[in-house]
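# Structural description and commentary
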Amino acid sequence: MLTVERAIRLTEYFKESALSVQRIISEVALNSQQQTIVGRRPCTFTTAQATHIAEQNGMKERTLQRFLNDNIGILFRKEKHGEYSKINP
């Protein structure tokens, strides 16, 4: 049983490490508009708040929706319908 618990912990460690590396790579790959929009969002936000910030920075609503969906699990966590939080605030 102890071996199984240690294997689970080791697996979780590698999973978190991989997600961390993926976040770093994604952040570097963001264009300046995306970096601005990510930086101006609070730690938790709604779709409406994100849309408002995106529009202020010249990003269309559909582009924002795609950006949010593509980065769930990388930059954002979907808490519930229409509510998100930053993974690395």
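Residues numbered from 1 in each chain as written. Predicted model: local features only at pLDDT ≥ 70, side-chain atom pairs only at ≥ 80, totals over all residues. Heavy atoms only, no water.

What follows concerns the nonpolar core. Within the largest apolar cluster, 15 residues are counted, with the highest numbers of intra-cluster contacts made by Val 38, Phe 45, Leu 64, Phe 67, Leu 68, Leu 75 and Phe 76. When contributions to this core are tallied by element, the ones reaching two or more residues are α2 (32-40), α3 (47-56) and α4 (61-70). Once residues within four sequence positions are removed from consideration, Val 38 is found in contact with Leu 30, Phe 67, Leu 75, Phe 76 and Lys 86. (Core = buried A, V, L, I, M, F, W, Y, C linked by side-chain atoms within 4.5 Å. Buried < 20%, exposed > 50% of the residue type's maximum accessible area, 1.4 Å probe, protein only. Helix = DSSP H or I, 4+ residues; strand = E, 2+ residues; numbered from the N terminus. Contact = heavy atoms within 4.5 Å.)

By the burial criterion, the buried members of α4 are Leu 64, Phe 67 and Leu 68. Considered in projection along α4, the buried side chains sweep an arc of 100° and stay on one side of the axis. Opposite the buried face of α4, by more than 90 degrees, sit the exposed residues Arg 62 and Asp 70. Looking at the buried residues of α4, the elements they touch are α2, β1 (44-46), α3, β2 (76-80) and β3 (83-86). (Arc of directions from axis to C-beta.)

Interpretation in functional terms is not warranted from these geometric data alone.
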